[in-house]
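Descriptive analysis of the structure
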Amino acid sequence: MTVYFIGAGPGAADLITVRGRDLLAQCGTCLYPGSLTPTELLDHCPEGAHLIDTADLTLDQIIDELASADARGADVARLCSGDPSIYSAVAEQMRRLDAAGVPYEVVPGVPAFAAAAALLKRELTVPAVGQSVVLTRAQARSTSMPEGEELATFAASGATLVLHLAVNRVEQLVDELVPHYGTDCPAAVVAQASQPGEQVIRGTLGGIARAVRDAGITRAATIFVGPVLAAEGFPDSFLYSADRDRSKQPSSL
């Protein structure tokens, strides 16, 4: 058998990958995060599938379910919100499966920040404005940030910031970022991207905290900070330039 860690996407049921959807259809057991998984997504599971909501389970209980399926010789779909590569708590699950000798595969999904950027209709890497994106989070009740990954360190680079799990500390974040970006720096907050209740707040770093509080946003939100959010008049990318030698294959894209 195989455990498939499947990126379920940011919320909309149709943003799961074709591979992920097809694997759901063949797995007789599916573990899913109940508060983050649309019921339409579970419709892809085969009739009679064993569905397990992990919202109230501990890590040990989740591993026990995966190991039990392994003992039965059954394939298992382990749905993860967004993409498994970022803030998915998959690393500790894979570590335990490695120790138990249980095979698994990882299926990528659409991360929340990508869905939020799409809603903003903004590219996060704009020529001559910003070519680097920092994905990070705020320190709260979760595990501590590693040494050297303080928000001020990232902000000093001037790169575009994408902050997860941070909206409830937005005032403190603004205080930390203003010395590096200034109060007039473009900022945006997207809550529940791709879902029915999605919200978009646009503004400047100096006013974004008040706007977020006025909108009542308290969860499932991504914060963006950087000049790329309002970039205009930037040069065209060299990728499609008439001056590029097209006899040579580009090294990317």
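Under an unreviewed UniProt entry, the name given to the protein is Precorrin-4 C(11)-methyltransferase, and the source organism is Phytoactinopolyspora halophila. UniProt's Sequence similarities (unreviewed entry) comment on the protein is quoted here verbatim: "Belongs to the precorrin methyltransferase family." Its UniProt record, at the heading Pathway (unreviewed entry), says of the protein: "Cofactor biosynthesis; adenosylcobalamin biosynthesis."

The next subject is the environment of Pro 10. Relative to the helices and strands, Pro 10 is located in the loop between strand S1 (3-7) and helix H1 (18-26). Considering only alpha carbons, one finds Pro 10 and Pro 46, 36 residues apart in sequence, at a separation of 22 Å.

To describe two helices that pack against each other, one gives the angle between their axes and the distance between the axes. The N-to-C vectors of helix H3 (residues 59-72) and helix H4 (residues 90-100) enclose an angle of 50 degrees; their axes lie 11 Å apart at closest approach. Taken together, the axes of H3 and H4 are oblique relative to one another. Here H3 and H4 pass one another in a crossing that is right-handed. For the pair formed by H3 and H4, the contact residues are Leu 59, Asp 60, Ile 62, Ile 63 and Leu 66 on the first element and Glu 92, Gln 93, Arg 96 and Leu 97 on the second.

This part takes up the packing of aromatic side chains. Scanning the model with the defined rule gives one aromatic pair in all. Each ring, one from Phe 5 and one from Tyr 104, has its centre 5.8 Å from the other, and the planes form 80 degrees; the classification is edge-to-face. Of the two residues, Phe 5 is situated in strand S1 and Tyr 104 in strand S5 (residues 104-107); the sequence distance between them amounts to 99 residues. By relative accessible area, which is 24% here, Tyr 104 ends up partly exposed.

Quick notes on the rules
Residues numbered from 1 in each chain as written. Predicted model: local features only at pLDDT ≥ 70, side-chain atom pairs only at ≥ 80, totals over all residues. Heavy atoms only, no water. UniProt positions renumbered as here; feature names shortened; annotations may be inferred. Helix = DSSP H or I, 4+ residues; strand = E, 2+ residues; numbered from the N terminus. Axes fitted to C-alpha atoms, helices over the stretch in contact; angles between N-to-C directions. Parallel < 35°, antiparallel > 145°, perpendicular 65-115°, else oblique. Left-handed = near helix turned anticlockwise from the far one by under 90°. Contact = heavy atoms within 4.5 Å. Phe/Tyr/Trp six-rings, centres within 6.5 Å; stacked < 30°, edge-to-face > 60°. Buried < 20%, exposed > 50% of the residue type's maximum accessible area, 1.4 Å probe, protein only.

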